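These are the residues of each chain, in order.
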Amino acid sequence: MNAIIYLEGASRGPDSNELKRRCREAFSKLLERMGFKGRKPRLVACGGRNSVLDDFSIALRTSRGGYVAMWIDSEEPMQDIEAAWKHLAEVTSVDKWEQPAGARDDQVLFMTTCMETWIVADKNTLRSYYGQHLNESALPPTTDLERRSRHDVQDRLVRATQNCKNAFAKGKRSFEVLEEIKSEALADLPSFARVKRILQEKL
């Protein structure tokens, strides 16, 4: 089956093409670790969230078949992880998107509440990537990790790595870390389990 997934990640500016390339590569390697090597979808890094929705909506209207989806941050904890469009319309304070005609819940893949949630879930990789200067005590506990606000998770990750030479930052650094994340470390995250289940059905 033909499949295309629009990714939230990268941004506009002089480095946008390089960031989009790194975004695609990071998600591609994550998909390989999830067991999808040889049947990966086409990945399109769109930049900001609204660009993701625009590109997804156009593809949804013009697609002649196949699986079309977008992979984005949920931005906030989810009451019902399967009710994707309800969350985007009613809960997400940033956007409040309307569900495009014909769009289904399984076409929205979430990282809850943000990409950094998935990153901090893999503490073994963080230890090896950042080395001895990682302040592990500053990281959030992994219990109920998806119930934490994205700001808390992001701020803690920044603080935990601030003394490392490759300190975490949005953009290039975040994609470099995501490339190293092991899927088995994410198995207990509900949003990861949902993404994997949906892709196993669709790819």
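See the structure printed just above.
Values in this document were obtained by computation on a predicted structure and should not be read as measured data.

**Student:** Where do I start with the overall build of the protein in this structure?
**Tutor:** What the protein contains, in helices and strands, is eight helices and four strands. Along the chain direction, N to C, the helices and strands of the protein fall in the order β-α-β-α-β-α-β-α-α-α-α-α. A compact globule built from 203 residues should have a C-alpha radius of gyration of about 17 Å, and the protein, at 16 Å, falls within 12% of that. Dimensions along the principal axes, computed over C-alpha positions, put the protein at roughly 50 × 35 × 35 Å. Evaluated residue by residue, the protein yields a buried proportion of 52% over its 203 residues. When contacts within the protein are restricted to residue pairs at least 6 apart in sequence, long-range pairs at least 24 apart make up 71% of them.

**Student:** Would you mind going over the nonpolar core with me for this structure?
**Tutor:** A general feature of soluble globular proteins is that nonpolar side chains tend to end up buried together. Within the largest apolar cluster, 45 residues are counted, with the highest numbers of intra-cluster contacts made by W71, L109, W118, I119, L178 and L199. Ranked by residue count, the leading element in this core is helix α1 (residues 16-36), at seven residues. Those residues in contact with L178 that lie beyond four places of it in its chain are A26, F27, L30, M111, M115 and I119. Counting 20 residues, the second largest nonpolar core, distinct from the first, contains I4, F56, A59 and I72.

**Student:** Sorry if this is basic, but what is going on with helix α7 (residues 172-180) here?
**Tutor:** All of the buried residues in α7 are S174, F175, V177, L178 and E179. Structurally, α7 contributes buried residues whose contacts are with α1, β4 (108-111), α4 (115-121) and α5 (123-130).

**Student:** It is not clear to me how the packing of aromatic side chains should be interpreted in this structure. Could you clarify?
**Tutor:** What characterises a pair of aromatic rings is the spacing of the ring centres plus the angle enclosed by the ring planes. In the structure shown here, the tally under the stated rule is five aromatic pairs. A centroid spacing of 6.2 Å and a plane angle of 35 degrees characterise the contact between F56 and W85, whose relative ring orientation is tilted. Taken together, the residues span a long stretch of sequence, with F56 in helix α2 (residues 49-62) and W85 in helix α3 (residues 84-91) at a distance of 29 residues. Assessed through its relative accessible area of 0%, F56 is described here as buried. A relative accessible area of 2% places W85 in the buried class. On the numbers, 4.8 Å between centres and 85 degrees between planes, the contact of Y129 with Y130 is edge-to-face. Y130 gets classed as buried once you look at its relative accessible area, which sits at 6%. Here the aromatic residues F27, W71, W118 and F192 are joined through ring pairs into a cluster of three or more. One cation-aromatic arrangement involves R49 over W97; the distance from NZ or CZ to the ring centre is 5.0 Å.

**Student:** How should I be thinking about the packing of α1 against α7 in this particular structure?
**Tutor:** How two helices sit against one another is set out by the angle between their axes and by the gap between those axes. Where α1 meets α7, the axes come as close as 8 Å, and the angle between the chain directions of the two elements is 15 degrees. The pairing of α1 with α7 is recorded here as roughly parallel in orientation. Regarding α1 and α7, the two cross each other, and that crossing is left-handed. Of the residues in α7, those touching α1 at L19, R22, C23, E25, A26, F27, K29, L30 and R33 are K172, F175, E176, L178, E179 and E180. Looking at the contact of α1 with α7 residue by residue, the classes come out as seven nonpolar, no polar and eight charged.

**Student:** Any chance you could explain the packing of α1 against helix α8 (residues 190-202) here in plain terms?
**Tutor:** Interhelical geometry of α1 versus α8 gives an angle of 70 degrees and a closest axis separation of 11 Å. Taken together, α1 and α8 sit at an angle that is classed as roughly perpendicular. For the pair formed by α1 and α8, the contact residues are L31, M34 and F36 on the first element and F192, V195, K196, L199 and Q200 on the second. Partitioning the contact of α1 with α8 into residue classes produces six nonpolar, one polar and one charged.

Calculation rules
Residues numbered from 1 in each chain as written. Predicted model: local features only at pLDDT ≥ 70, side-chain atom pairs only at ≥ 80, totals over all residues. Heavy atoms only, no water. Helix = DSSP H or I, 4+ residues; strand = E, 2+ residues; numbered from the N terminus. Rg over C-alpha atoms; globule rule 2.2 N^0.38 Å. Buried < 20%, exposed > 50% of the residue type's maximum accessible area, 1.4 Å probe, protein only. Contact = heavy atoms within 4.5 Å. Core = buried A, V, L, I, M, F, W, Y, C linked by side-chain atoms within 4.5 Å. Phe/Tyr/Trp six-rings, centres within 6.5 Å; stacked < 30°, edge-to-face > 60°. Lys NZ or Arg CZ within 6 Å of the ring centre and 35° of its normal. Axes fitted to C-alpha atoms, helices over the stretch in contact; angles between N-to-C directions. Parallel < 35°, antiparallel > 145°, perpendicular 65-115°, else oblique. Left-handed = near helix turned anticlockwise from the far one by under 90°. Nonpolar A, V, L, I, M, F, W, Y, C, P; charged D, E, K, R; others polar.

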